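Coordinates in review
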Amino acid sequence: MQTGLKITAFAAGLAATFGTAYAVGGAVDPAAAPKEKVSHQGDREGHGEKERPAGEGKPTAGSAELPGGLQVSQGGFTLDLDTPRVEAGEPAELRFAVVDEGTSRNVTAFRREHGKELHLIVASSDLTTYRHLHPERAADGTWSTPVELPEAGGYRVFADFTPDEKNAEGVTLGADLAVSGDARPDPLPEAERTVTVDGYEVTLDGSLRPGAGSELKLEVEKDGKPVTDLQPHLGAYGHLVALRAGDLAYLHVHPNGEPGDGRTESGPEVSFTATAPSKGAYRLFLDFRHEGKVRTAAFTVHAGGAAAEEPAPRDGESAGHGH
């Protein structure tokens, strides 16, 4: 790990880091794998099956081609984060609003997708801490949710939503969050095909392709046996978020099929179709539900280049931790 540094120094360069990192995302390679710090908060029903690249909102000049989450304002909306800083390891409340730039008012009408009006993702800049939250909205359009982040450093907050208006498309906005304390960013975890989380082994088959859709299959086992009774989580048997290393460009994908459609089985395999916006390293976070609990398995993958063409060997490989 890098030498510890105070968050005051870290935060000073945080805005510059995310402002210039769009060009960096395609050039990051993983280093030694650290201990994972991944978890999921919020667990309710309702999901769809279609892939929706995040950030597809009402186009604005110079922003329509960018992946989701790279901008605080996009598609005519702004993410107003009222809690720009929290303390590491301390319970806190994130408060924010989505502002309509045309009226300068908080948005209060959202289209429900996957059973929610809005999905909130919080991830550390080193992609070792991940939270999938489901905040509550007040009548005035202010959102709030409890959160506790274990490590100091720079984080990114993503609001994934669709406004409830005619012909509206999904938008993903991103804002920086500083977590105070002694910041020690970790290197990106190494690419592995099988990771272990809470006694479950999850194996990834497939690869991301820049600019082209490709299938990602994830198979869940426990105690060496396939898990064939996965439970619906947000209306599906799996929920996948991909973040690009470096700038944390956001790609939100959904399974190929859903419970009750007459063709999708409840495990052990969950299939997704995803498209990477560029070459580079990505971190995949798979949420799945079994025995009443949501667990998150995390993978590092490469889109394009030799690392993406040749999967890591499966015999004797070490397992990463998704929680």
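This one's a predicted model, so the numbers in the text were calculated from it and none came from an experiment.

1. Focus on the overall build of the chain
In terms of regular secondary structure, the chain is built from three helices and 24 strands. Counting all 323 residues of the chain, 52% fall into the buried class. Long-range contacts, defined here as pairs at least 24 residues apart, represent 71% of the contacts in the chain between residues at least 6 apart.

2. Comments concerning the pairing of strand β12 (residues 153-161)
Counting buried residues along β12, nine of its nine residues qualify, which places the element largely inside the surrounding structure. Looking at chain direction, strand β8 (residues 118-124) and β12 are connected through seven bridges and run antiparallel. For histidine 119, the partnering residue across the bridge sits in β12 and is aspartate 160. Note: β12 against strand β13 (residues 171-180), nine bridges, orientation antiparallel. Across the sheet, glycine 153 pairs through a bridge with valine 179, a residue of β13.

3. Considering the pattern of salt bridges
Per the counting criterion, the structure on display carries nine salt bridges. Here aspartate 198 and arginine 295 are joined by a salt bridge, their closest N and O atoms 2.8 Å apart. Separated by 97 residues along the polypeptide, aspartate 198 in the loop between β15 (194-197) and β16 (200-205) and arginine 295 in strand β23 (residues 293-303) bring together distant segments of the chain. Salt-bridge contacts for aspartate 261 lead to arginine 263; the nearest nitrogen and oxygen are separated by 3.8 Å.

4. A closer look at the environment of valine 241
Tracing the backbone through its elements, the reader meets valine 241 in strand β19 (residues 239-244). Sequence spacing of valine 241 and alanine 274 is 33 residues, and the spatial spacing of their C-alpha atoms is 9.9 Å.

5. A short note on the packing of aromatic side chains
Counted under the stated rule, the structure contains seven aromatic pairs. With a centroid separation of 5.7 Å and 85° between ring planes, the pair formed by phenylalanine 110 and phenylalanine 161 is classed as edge-to-face. Within this pair, whereas phenylalanine 110 is found in the loop between β7 (105-106) and β8, its partner phenylalanine 161 is found in strand β12, the two being separated by 51 residues in sequence. Ring geometry for tyrosine 200 versus phenylalanine 288: centroids 5.6 Å apart, planes at 70°, classification edge-to-face. Taken together, the residues span a long stretch of sequence, with tyrosine 200 in strand β16 and phenylalanine 288 in strand β22 (residues 280-290) at a distance of 88 residues. Of the two residues examined, tyrosine 200 and phenylalanine 288, each falls in the buried class. Chaining the aromatic ring pairs together yields one cluster made of Phe77, Phe96, Phe110, Trp143 and Phe161.

6. Structural notes on the side chain of aspartate 247
Position of aspartate 247 relative to the elements: it lies in the loop between β19 and β20 (250-253). A distance of 2.6 Å separates a polar atom in the side chain of aspartate 247 from a polar atom in the side chain of arginine 244.

7. Concerning the nonpolar core
Ranked by size, the top nonpolar core spans 28 residues in total, and within it Val202, Leu208, Leu216, Phe272, Leu284, Phe288 and Phe299 carry the most contacts. For this core, the elements supplying multiple residues, two or more each, are β15, β16, β17 (213-222), β19, β20, β21 (269-275), β22 and β23. If we ignore the near neighbours within four places in the chain, the residues touching valine 202 are Arg193, Thr194, Val195, Val197, Leu218, Glu219, Val220, Leu286, Phe288, Ala297 and Phe299. Membership of the second largest hydrophobic core comes to 25 residues, among which are Phe77, Leu133, Trp143 and Leu173.

8. Considerations on the side chain of glutamate 117
Mapped onto the fold, glutamate 117 is located in the loop between β7 and β8. The exposure class assigned to glutamate 117 is buried, which follows from its relative accessible area of 19%. Once residues within four sequence positions are removed from consideration, glutamate 117 is found in contact with Phe110, Arg111, Arg112, Arg137, Trp143 and Phe161.

9. Remarks on unusual backbone geometry
In this structure, the amide linkage connecting glycine 267 to the following residue, proline 268, adopts the cis form with an omega of 5°. One non-glycine residue, leucine 127, lies in positive phi territory at about 65°. Topologically, leucine 127 is positioned in the loop between β8 and β9 (129-133). A positive phi angle, near 55°, is found at aspartate 198, a position not held by glycine.

10. Some words on the environment of glutamine 231
Structurally, glutamine 231 can be placed in the loop between β18 (225-226) and β19. For the pair glutamine 231 and glutamate 291, spaced 60 residues apart in sequence, the C-alpha to C-alpha distance is 7.5 Å. Excluding anything up to four places from it in sequence, glutamine 231 contacts Ala236, Tyr237, Arg289, His290, Glu291 and Gly292. A distance of 2.7 Å separates the side chain of glutamine 231 from the backbone nitrogen of glycine 292, its partner in a polar contact.

11. Describing the confidence of the model for the chain
Of the residues in the chain, 74% reach a pLDDT of 70 or more, and the chain-wide mean stands at 80. Predicted confidence is poor over residues 1-36, with pLDDT under 50, and the contacts of this stretch with residues over four places away or in other chains come to 83 contacts. pLDDT under 50 marks residues 39-64. Its contacts with residues more than four places away, or in other chains, come to 103 contacts.

Cut-off values and rules
Residues numbered from 1 in each chain as written. Predicted model: local features only at pLDDT ≥ 70, side-chain atom pairs only at ≥ 80, totals over all residues. Heavy atoms only, no water. Helix = DSSP H or I, 4+ residues; strand = E, 2+ residues; numbered from the N terminus. Buried < 20%, exposed > 50% of the residue type's maximum accessible area, 1.4 Å probe, protein only. Contact = heavy atoms within 4.5 Å. Pairing = 2+ DSSP bridges. Salt bridge = Lys/Arg side-chain N within 4 Å of Asp/Glu carboxyl O. Phe/Tyr/Trp six-rings, centres within 6.5 Å; stacked < 30°, edge-to-face > 60°. Polar contact = N/O pair within 3.5 Å; in protein donor to acceptor, adjacent residues only side chain to side chain. Core = buried A, V, L, I, M, F, W, Y, C linked by side-chain atoms within 4.5 Å. pLDDT = per-residue confidence, 0-100.

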